Amino acid sequence: MPNSSGGPSKLHVPGAPGPAESRTLYVTQNGRTVARTVTVGPRAPDPGFFKRAIEQIKRYDGPITLGLSMSNAGKVGWMIRGAVLVNVGNPWLFSDRRDAWKEIHGHMKGNAWDIWYAYFDHISPNWKGRAVDTLQQYLRFKLIGMFDQLGNLSKEMSGTMQNQYNEVAQYDAAAVGLWTIEGPVFKALTKLAATPAGRIALMAQSTVFLTMSCTLLTQFYDVYRKFEGELNGLDLKFMDLKGAFYLSGDPARGPRDLHMDQRVTDSDYWSAVTKDNQ
Amino acid sequence: MYRVPDPASTEPTYRDSSASPSKNPSTGPSSSVLSPCPHTPACPTGPCLPASLRSSGSVAPPPRDGSPEPAPASAGKDGVEYATDKIITFTETMVTTAATVGQMAAVTPSFGGWNWLPGAGVPAIGAPFVSRFDALSDIWADCAGILREVLEKDRGKLVQVAVNYRTANEESKVAVDRVQL
């Protein structure tokens, strides 16, 4: 045991997120009372990346739409532009969930260790008999197993959120970059559209723009097709979770009986370690 | 314990016997009445109590920081009482754990309602995926709820074990006393 003070006085969550206020967790007072509050968060607020991206796009959107309509790209151009825009996302939505899952993961792991240490600090030195063995098995195979299942899946969710965050942020950056580059070009070309050469240049430019937009979109769709696989893996892992918690893994059939064995809850099976009988 | 008769007369002998001169200022003035009691629960005034009467048998252990618990507490109590108390301590951990798990179930992250609307932050193509994530979050929260319920109920059972065991122990003691009478 790490300390003999009769309690897991300080268990640091492995992989706990960085410092933030109101995180006075895992501090138990010596022995009896456990004084702590458990909070998830507060995490960093929305840094406004999404808002700035939208503003940036809006600033350059005028010349682009004007150029597209003048170059006869018409409906198709409009649709492609719209498709690019509705896929601009807020990466913070995902990074926030990622951090929340990460904190949850830390709490689940930390609490499993709390139980485990509490057992070895308080129960196993002072008790013997069938009940204690059964209790240990119950902790090892049932209770800690439940914590593990939940903890592992929160880790998975955190990882998936990180992937989404990454892809969404990359796509945003690409879209903003495209608009920022193309905006001034279209602005210049629309001024020349009266001349035949200018008109040809504008049409060529809008073709280039639409091709790049389509590439961007296809890449993003590919990313999500990949997520389909990731989600499939998550679904399978959640079946594990359901199997552990529900009868036949079916929530409709109700939760399993995950409680302690009769032998643990009957005091006849317990025997205290005292001076007389140790 | 010994009483120091007169500070004036003893001071020279202290100087001779004490290993370090720095010890003098602390022992000298305080020992004018009685040397400080070395036991942790201070003995009542006068000479110190014999070891058997002191509530904690230890002779002034060097105060180690933050770990006073196990031995002294047990010495004062009947073994069974101490052991059943330990079950209660264990169940307290289960209580806080259950509370934590319950809170995790309550704050399980999901993309509720408005986040799916186009332009609100989730990419249009991601919207169906997001709703599937939410479905998984719901399963997670439900399972965490089950775990919390298990912890709470089993904790109650363990408390009952401690109570039953202690009651049975006391009853048997009473019975033994009757027989001996």
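Residues numbered from 1 in each chain as written. Chains lettered and ligands numbered in written order. Predicted model: local features only at pLDDT ≥ 70, side-chain atom pairs only at ≥ 80, totals over all residues.

Caption draft 1: Representation of the overall build of chain B in the model. Counting its regular elements, chain B contains 5 helices and 0 strands. When the elements of chain B are put in sequence order from the N terminus, they spell out α-α-α-α-α. Out of the 181 residues in chain B, the part that is buried amounts to 23%. Taking all contacts inside chain B whose residues are at least 6 apart in sequence as the whole, residues at least 24 apart take part in 50%. (Helix = DSSP H or I, 4+ residues; strand = E, 2+ residues; numbered from the N terminus. Buried ≥ 20, exposed ≤ 12 C-beta atoms within 10 Å, placed from the backbone. Contact = placed C-beta atoms within 7 Å.)

Caption draft 2: Examining the overall build of chain A more closely. What chain A contains, in helices and strands, is 6 helices and 2 strands. The N-to-C order of helical and strand elements in chain A reads α-α-α-β-α-α-α-β. In chain A, buried positions account for 36% of the 278 residues. For chain A, the share of sequence-separated contacts (at least 6 apart) that also reach a separation of at least 24 residues comes to 75%.

Caption draft 3: Examining the packing of helix α5 (residues 196–245) of chain A against helix α5 (residues 127–180) of chain B more closely. Between α5(A) and α5(B), the least distance of the axes is 11 Å, while the angle of their chain directions is 20°. When the interaxial angle is binned, α5(A) and α5(B) end up roughly parallel. The crossing of α5(A) and α5(B) is left-handed. Mapping the contact onto sequence places Y224(A), F227(A), L231(A), L234(A), F238(A), L241(A), K242(A) and F245(A) in α5(A) and F129(B), R132(B), L136(B), I139(B), C143(B) and I146(B) in α5(B). Partitioning the contact of α5(A) with α5(B) into residue classes produces 12 nonpolar, no polar and 2 charged. (Axes fitted to C-alpha atoms, helices over the stretch in contact; angles between N-to-C directions. Parallel < 35°, antiparallel > 145°, perpendicular 65-115°, else oblique. Left-handed = near helix turned anticlockwise from the far one by under 90°. Nonpolar A, V, L, I, M, F, W, Y, C, P; charged D, E, K, R; others polar.)

Caption draft 4: Seen up close, the interface of chain B and chain A. Taken together, the 51 residues of chain B in the interface contact 58 residues of chain A. Put simply, the parts of the chain that give the side of chain B that touches chain A at least two residues each are α4 (79–106) and α5 of chain B. Looking at the side of chain B that touches chain A, its residues break down into 28 nonpolar, 15 polar and 8 charged.

Caption draft 5: Representation of helix α4 (residues 130–191) of chain A within the structure. Spanning 62 residues, α4(A) covers 90 Å between terminal C-alpha atoms, matching the ideal 92 Å at 1.5 Å per step. Largest kink in α4(A): about 40°, centred on L139(A). (Expected span 1.5 Å × (residues − 1). Bend = angle between axes of the 7 residues up to and from the residue.)

Caption draft 6: Spotlight on the nonpolar core. I115(A), L150(A), F90(B), C143(B), A144(B) and L147(B) are the most contacted members of the largest nonpolar core, which has 74 residues in total. Among the secondary structure elements, those contributing two or more residues to this core are α1 (49–70), α2 (74–86), α3 (91–123), α4 and α5 of chain A together with α4 and α5 of chain B. With 18 residues, the top contributor of residues to this core is α4(A). Not counting the four nearest positions on each side in its chain, A144(B) is found in contact with L150(A), V101(B), M104(B) and A105(B). (Core = buried A, V, L, I, M, F, W, Y, C linked by C-beta atoms within 7 Å.)

Caption draft 7: Summary view of the confidence of the model for chain B. Residues and elements named next belong to chain B. Across chain B, pLDDT averages 66, with 52% of residues at or above 70. Note on residues 1–34: pLDDT is under 50 here. Beyond four places in sequence and across chains, it has 18 contacts. A low-confidence stretch, residues 49–75 (pLDDT under 50), is modelled with 33 contacts involving residues beyond four sequence positions or located in other chains. Interface confidence for the predicted complex, expressed as ipTM, amounts to 0.76; the pTM equals 0.68. (pLDDT = per-residue confidence, 0-100.)

Caption draft 8: Representation of the packing of α3(A) against α4(B). Running from N to C, α3(A) and α4(B) cross one another at 170°; their axes reach a closest spacing of 9 Å. With respect to each other, α3(A) and α4(B) are oriented roughly antiparallel. Seen from α3(A), the contacting residues are I104(A), H107(A), M108(A), N111(A), D114(A), I115(A), A118(A), Y119(A), H122(A) and I123(A); seen from α4(B), they are K86(B), I87(B), T89(B), F90(B), T93(B), M94(B), T97(B), T100(B), V101(B) and M104(B). Of the residues assigned to the contact of α3(A) with α4(B), the class counts are 11 nonpolar, 7 polar and 2 charged.

Caption draft 9: Here's a closer look at the environment of Q136(A). Within the element layout of this structure, Q136(A) appears in helix α4. Taking C-alpha positions, Q136(A) is 9.3 Å from F120(A), a pair spaced 16 residues apart along the chain.

Caption draft 10: Broad picture of the environment of D46(A). With respect to the helices and strands, the residue D46(A) is situated in the segment before α1. For the pair D46(A) and L93(A), spaced 47 residues apart in sequence, the C-alpha separation works out to 8.1 Å.

Caption draft 11: Representation of the environment of E182(A) in the model. Residue and element names in this part refer to chain A. Residue placement: E182 occurs in helix α4. The spatial distance from the C-alpha of E182 to the C-alpha of I64 is 7.1 Å, given a sequence separation of 118 residues. Here E182 is in contact with I64 and F209, once residues within four sequence places are set aside.

Caption draft 12: Broad picture of the confidence of the model for chain A. Residue and element names in this part refer to chain A. When pLDDT is averaged across chain A, the result is 77; 83% of the residues are at 70 or more. Ranking the elements of chain A by mean pLDDT puts helix α6 (residues 262–265) last with 75 and α3 first with 88. A low-confidence stretch, residues 1–35 (pLDDT under 50), is modelled with 68 contacts involving residues beyond four sequence positions or located in other chains.

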